[in-house]
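# Residue-level structural notes
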Amino acid sequence: MSRHGAVREAPALQRRLEALDEARNLAAGVLPQETLDEALQVLDRASSRRSLSAGHTVVGFFGATGSGNSSLFNAVSGAEIATAAVRRPTTSEPLAGVWGADGSGELLDWLEVPNRHHAAPVPGFADEGTGLILLDLPDFDSTQAAHREIVQRLVGLVDVLVWVLDPQKYADAAVHNDFLTPLASHGAVTLVVLNQLDRLPANDVRPVLESLKGILARDGLGTVQVLGASAVAGTGVAKVRDAIRQTAMQRQAISQRLAADVARAAANLAAASGTGEAAGARAASKSRLAEQLAVAANVPLVVDAVVRSYRQEATRRTGWPVTRWLVRFRPDPLRRLHLRREGTCPELNRTSLPPAGAPERARTDAAVREFADAASDGAPGPWRAVIRGAAREGRDGLPDALDQAVASAELKAGRPSWWWTVFNVIQWLALLAVLGGFGWLGVLAGLGYLQLPVPEVPRVQGWPVPTVMIGGGVLLGVILAVAAKAIAGASARARGAAARKRLKSAVGAVAEKFVVEPVEREVGRLASFNKAVAAAR
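A brief report on the enclosed structure follows.

So, how was this worked out
Residues numbered from 1 in each chain as written. Predicted model: local features only at pLDDT ≥ 70, side-chain atom pairs only at ≥ 80, totals over all residues. Heavy atoms only, no water. Core = buried A, V, L, I, M, F, W, Y, C linked by side-chain atoms within 4.5 Å. Buried < 20%, exposed > 50% of the residue type's maximum accessible area, 1.4 Å probe, protein only. Helix = DSSP H or I, 4+ residues; strand = E, 2+ residues; numbered from the N terminus. Contact = heavy atoms within 4.5 Å. Pairing = 2+ DSSP bridges. Phe/Tyr/Trp six-rings, centres within 6.5 Å; stacked < 30°, edge-to-face > 60°. 1 Å grid on protein atoms, 1.4 Å probe; cavity = no way out; pocket = protein on both sides within 12 Å on 5 of 7 lines; lining within 4 Å. Points joined across faces, edges and corners; volume = space filled by probe spheres on them. Nonpolar A, V, L, I, M, F, W, Y, C, P; charged D, E, K, R; others polar. Axes fitted to C-alpha atoms, helices over the stretch in contact; angles between N-to-C directions.

## Describing the nonpolar core
Grouped burial of nonpolar side chains is what soluble globular proteins tend to show. Core analysis: the biggest nonpolar cluster contains 64 residues, and L20, L269, L289 and F529 have the highest contact counts within it. Broken down by element, this core gets its largest block of residues, 16 residues, from helix α18 (residues 465-536). Setting aside its immediate chain neighbours within four residues, L269 contacts L20, A23, R24, L31, T35, L36, A39, F529 and V533. If you look at the next biggest cluster of nonpolar residues, it comprises 42 residues, including L161, L194, I215 and L221.

## Digging into the pairing of strand β4 (residues 132-136)
Extensive coverage of β4 is indicated by the burial of 5 of its 5 residues. Of the two faces of β4, the one carrying L132, L134 and D136 and the one carrying I133 and L135 are both buried. As paired elements, strand β1 (residues 57-63) and β4 share 5 bridges and run parallel to each other. Counted as the bridge partner of G60 is L135 from β4. Both strand β2 (residues 95-99) and β4 contribute to a ladder of 5 bridges, which runs antiparallel. The residue bridging A96 from the neighbouring strand is L135, located in β4.

## Describing the packing of aromatic side chains
In the structure shown here, the tally under the stated rule is 8 aromatic pairs. Connected via pairs of aromatic rings, a cluster forms that spans F62, F140, W163 and F179.

## A few points about the layout of surface pockets
Approximately 380 Å³ is the volume found for the largest pocket. In terms of lining, the largest pocket is formed by 19 residues, of which the most central are R45, Q152, V155, G156 and R264. Of all elements in the fold, only α2 (33-51), α6 (145-155), α7 (173-180) and α10 (253-273) reach the threshold of two or more residues within the lining of the largest pocket. A total of 6 residues in the lining of the largest pocket trace back to one element, the largest contributor, which is α2. Broken down by class, the residue content of the lining of the largest pocket amounts to 7 nonpolar, 4 polar and 8 charged.

## A look at the sheet that holds strand β6 (residues 190-194)
Read across the open sheet, the 7 strands follow the order β3-β2-β4-β1-β5-β6-β7; overall the sheet is mixed. Where the open sheet ends on each side, the last strands, each with one partner, are β3 (115-118) and β7 (225-228). Mean inter-strand twist for the sheet, computed between neighbouring axes without regard to direction, equals 20°. Two elements, strand β5 (residues 160-165) and β6, share 5 bridges in a ladder whose sense is parallel. Residue pairing for β6: W163 is matched across the bridge by V192.

## Details of the environment of A294
Looking at the element boundaries, A294 is found in helix α11 (residues 283-296). On the accessibility criterion, A294 (7% relative accessible area) is buried. Each C-alpha atom, one on A294 and one on G508, is 8.3 Å from the other, the two residues being 214 residues apart in sequence. If we skip the residues at most four places from it in the chain, A294 touches V299, P300 and V507.

Okay, structure coming up:
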């Protein structure tokens, strides 16, 4: 890739870094802190490396004791740098060979490499314009803990990793298990050199290299470049130089290394999280939750009170005027529950419904648990636990919120029906007819008692009009009372159904706030996390 290609890679790398940071933030409190810290370290390293010289490629030589990594370092450098540096007392400290000193100081300070050698140009390999830094490092299998710490630190910092192996220990589990396998995602910036080929018979070189490639393929590094060399004989050194020079001149090693770090951190986040998406809060689950909470909040009791209150009020407004006043002595079912709220502030309402007992609390807990289980279905283990926890976080506030929702719901139970007025007017007219008939007959009886002339009473079909008025008024009143009772029953059931719908809506709003929204927030967090991890990888 050209330098222009490297420039094009920068925005893509930035997007992946941003995605990794987003995934890390989203997973806070869900995944192990160690995994989150690893992602943060990658982000910190990327920020630091990108702020330093982009014109230098840092190549680290890593090898086990006796693999000859220092010898190969010297052979590639074209000089005995590993032994010529006056300031380097032992091989326990990293040593830098630098081509292109300008801008390398801060980078080497960040790498904590104090021993630096301004290397002479090597024709066809590196000069001042190349911008190349080679690092000779302590043995990674050293018995000194400080040496291993240096290697571990620089394995995570250099742009290109050159693993120097020898024919005797190229299959050593230590290098494969501790270094190569964990860095399987870094194949694009990894070079494996089998050194000391001069110690092998000529006919064994190819089988040993093939064996090494097979082991690397099992490590996940099947595409990594494998070269054979002999630092002593000079065999293959030119190919190692060409591979390093090509990487340095393309100016893509920094982005590739950081991209590999991001991919590895994202893969670790994905492994810690597990795969899968949560089913989320479906309409059927929300409806079942609202139904169960409505029962726990005594909504059926309130609906029954609405029905009985309407019937009672209808009887008081449309019953036989002579007897309807008796209804006033019967307590209003809604008033007994403190659900008649004329002139009060809904936010301050409280009912006198029975407090939630053990059965109601058990029903509420079961409803919340069932909803959380359905919403978290398909989610990985850590996220399933978080989703369930979110559903339970508002559990303590549910009873009071449900009571206030019931108290604040507009039941419209006391709203008069249009037919009440019609029946009431007719009832009073019927009563007036009865009273008029009795009055008429009373006048006639009085005249007869006083021996005064009694006028002829009009008749209808042979029946005296006053008698017809009395009988007709009573009959009409009875018929109206029976009809009103039937109509009131149907209307009361309709009012109850409407109240049930409004109460369920109010309970559903409480469920949405205390249970559904927290669950959907965590479900959305999981979806965003998976999307961010995919973008980072």
